[in-house]
Amino acid sequence: MASKTTTHPLIAHELKRTFDTPSGPVEAIRHVNHEFLPGQVTAVMGPSGSGKSTLLNLLAGFDDPSEGHVEYGGTVISDLPERKRAAFRLTTFGFVFQAANLISVLPAARNIAFPMGLAGVPRQERQQRASELLERFGVSHRASALPRTLSGGERQRVAIARALANDPSVVFADEPTGSLDRESGKTVVQALRSVAEDGRAVIMVTHDPEVAAAADDIVRIVDGVMDENDHAG
Ligand SMILES: Nc1ncnc2c1ncn2[C@@H]1O[C@H](COP(=O)(O)OP(=O)(O)OP(=O)(O)O)[C@@H](O)[C@H]1O
Ligand SMILES: [Mg+2]
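Bear in mind that the values here come from a model prediction, so they are computed numbers and not experimental data.

Cut-offs used in this document
- Residues numbered from 1 in each chain as written.
- Chains lettered and ligands numbered in written order.
- Predicted model: local features only at pLDDT ≥ 70, side-chain atom pairs only at ≥ 80, totals over all residues.
- Heavy atoms only, no water.
- Helix = DSSP H or I, 4+ residues; strand = E, 2+ residues; numbered from the N terminus.
- Rg over C-alpha atoms; globule rule 2.2 N^0.38 Å.
- Buried < 20%, exposed > 50% of the residue type's maximum accessible area, 1.4 Å probe, protein only.
- Contact = heavy atoms within 4.5 Å.
- Phe/Tyr/Trp six-rings, centres within 6.5 Å; stacked < 30°, edge-to-face > 60°.
- Axes fitted to C-alpha atoms, helices over the stretch in contact; angles between N-to-C directions.
- Parallel < 35°, antiparallel > 145°, perpendicular 65-115°, else oblique.
- Left-handed = near helix turned anticlockwise from the far one by under 90°.
- Nonpolar A, V, L, I, M, F, W, Y, C, P; charged D, E, K, R; others polar.
- Near = heavy atom within 4 Å.
- Polar contact = N/O pair within 3.5 Å; in protein donor to acceptor, adjacent residues only side chain to side chain.
- Areas by Shrake-Rupley, 256 points an atom, 1.4 Å probe, with all protein chains shown as cover.
- Salt bridge = Lys/Arg side-chain N within 4 Å of Asp/Glu carboxyl O.

Some details on the overall build of the chain
Along the chain, the regular secondary structure elements total seven helices and ten strands. The C-alpha radius of gyration of the chain comes to 17 Å, within 12% of the 17 Å expected for a compact globule of 233 residues. The principal-axis extents of the C-alpha atoms in the chain amount to approximately 50 × 40 × 40 Å. Per-residue burial over the chain gives 48% buried out of 233 residues. The long-range share in the chain, meaning contacts at least 24 apart out of those at least 6 apart in sequence, stands at 72%.

Focus: the packing of aromatic side chains
Evaluation of the coordinates by the stated rule reveals seven aromatic pairs. Plain terms: the ring middles of Phe93 and Phe95 are 6.5 Å apart, the flat faces sit at 85° to each other, and that makes the pair edge-to-face. Phe95 carries the same exposure label as Phe93, and that label is buried. Taking 5.1 Å as the distance between ring centres and 85° as the angle between the ring planes, the aromatic pair formed by Phe93 and Phe172 counts as edge-to-face. Note that Phe93 is positioned in strand β6 (residues 93-96) and Phe172 in strand β7 (residues 170-174), a separation of 79 residues in sequence. Take Phe93 and Phe172: they sit in the same class, and that class is buried. One aromatic cluster is present, built from ring pairs that chain together Phe62, Tyr72, Phe88, Phe93, Phe95, Phe97 and Phe172.

Some thoughts on the packing of helix α5 (residues 152-163) against helix α6 (residues 182-197)
The N-to-C vectors of α5 and α6 enclose an angle of 15°; their axes lie 9 Å apart at closest approach. In terms of orientation, α5 and α6 fall into the roughly parallel class. As for the relative orientation of α5 and α6, their crossing is right-handed in sense. Across the interface between the two elements, Gly153, Gln156, Arg157 and Ile160 of α5 pack against Ser184, Thr187, Val188, Ala191, Leu192 and Val195 of α6. Residue classes in the contact of α5 with α6 are distributed as five nonpolar, four polar and one charged.

Observations concerning the site of ligand 1
Around ligand 1, a shell composed of Phe19, Thr21, Ala28, Pro47, Ser48, Gly49, Ser50, Gly51, Lys52, Ser53, Thr54 and His207 is seen. A distance of 2.8 Å separates an oxygen atom of ligand 1 from a polar backbone atom of Gly49. Contact with the protein chains covers 58% of the free accessible surface of ligand 1, which is 640 Å². With three residues, the single largest contributor to the shell around ligand 1 is helix α1 (residues 52-59). Broken down by class, the residue content of the shell around ligand 1 amounts to three nonpolar, eight polar and one charged.

Topic: the packing of helix α3 (residues 108-118) against helix α4 (residues 123-136)
Across the interface, α3 lies against α4 with an axial gap of 9 Å and an inter-helix angle of 130°. Accordingly, the angle class assigned to the pair α3 and α4 is oblique. The way α3 lies across α4 gives a crossing that is right-handed. Of α4, the residues touching α3 (which contributes Ala108, Ala109, Ile112, Ala113, Met116 and Gly117) are Arg126, Arg129, Ala130, Leu133 and Leu134. Grouping the constituent residues of the contact of α3 with α4 by class yields eight nonpolar, one polar and two charged.

Things to note about the environment of Arg200
Mapped onto the fold, Arg200 is located in the loop between α6 and β8 (201-205). On the basis of relative accessible area, Arg200 is assigned to the buried category, the value being 1%. Taking the C-alpha atoms as reference points, Arg200 and Val96, separated by 104 residues in sequence, lie 14 Å from one another. A polar side-chain atom of Arg200 sits 2.8 Å from the main-chain carbonyl oxygen of Pro168. Polar contacts involving the side chain of Arg200 include one to the side chain of Asp198, which spans 3.0 Å.

Concerning the pattern of salt bridges
Counting across every chain of the model gives 15 salt bridges. Across the salt bridge formed by Arg182 and Glu210, the nearest N and O atoms sit 3.1 Å from each other. Placement of the pair is Arg182 in helix α6 and Glu210 in helix α7 (residues 209-212), with a sequence separation of 28 residues. Residue classification places Glu210 among the partly exposed residues on the basis of a relative accessible area of 41%. A salt bridge links Lys186 to Glu183; the nearest nitrogen and oxygen atoms lie 3.9 Å apart.

These results come straight from atomic positions and should not be treated as a statement about function.
In structure tokens:
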């Protein structure tokens, strides 16, 4: 369960996204080319308004590029009709958000099992996998706890467990440590590193240089354009 065998890089080809606004078109990103590699954590950094969320939305197939495309294992994501795209996202991609976004009325274990239900995984297997994932991220003692009773760090680790529910090849995290103190932030970064060590590609937006220092690769965006010469050591 922990290791992925069939993973590909997620490839951005000449991505451009222009938004039409009342004051004219805004080029949020342009000329973005990058291979997000399996087995690596890639940090996406840059000032506010530089285009990080725009890029993440394109990579995850929530939005379509104005030009260029995103490819995974030979599939061009923007070519998929919405139904197929939703199915592709459900089984290939996992998501972790800044505020964890757990379902407030479901206990931790059922939050993790929820995406498996959407993918048609039988009940017993859902429960089995959910408890393995709780165990893996050190939150099995909180299996029956509601999200509001979890600490920030526990909540984020449950969110990471949920992101892995359908064994995705690519995991996206938008500011996963943004609302945590330094110590809990560290455990969350460690959890994301272990997710990459499974052979998955982890793509993480962060403002925090200390968090980015734990990445294998850094994509730095300034005014919608990537700085190609910047890589983590
Ligand atoms: N739907 C939209 N319509 C118009 N302009 C948009 C839209 N979404 C983003 N933009 C603009 O595109 C640019 C990039 O925005 P984006 O949200 O990607 O920045 P960001 O790097 O994620 O910033 P932050 O760190 O503040 O989250 C900004 O100038 C923003 O105002
Ligand atoms: Mg953003």
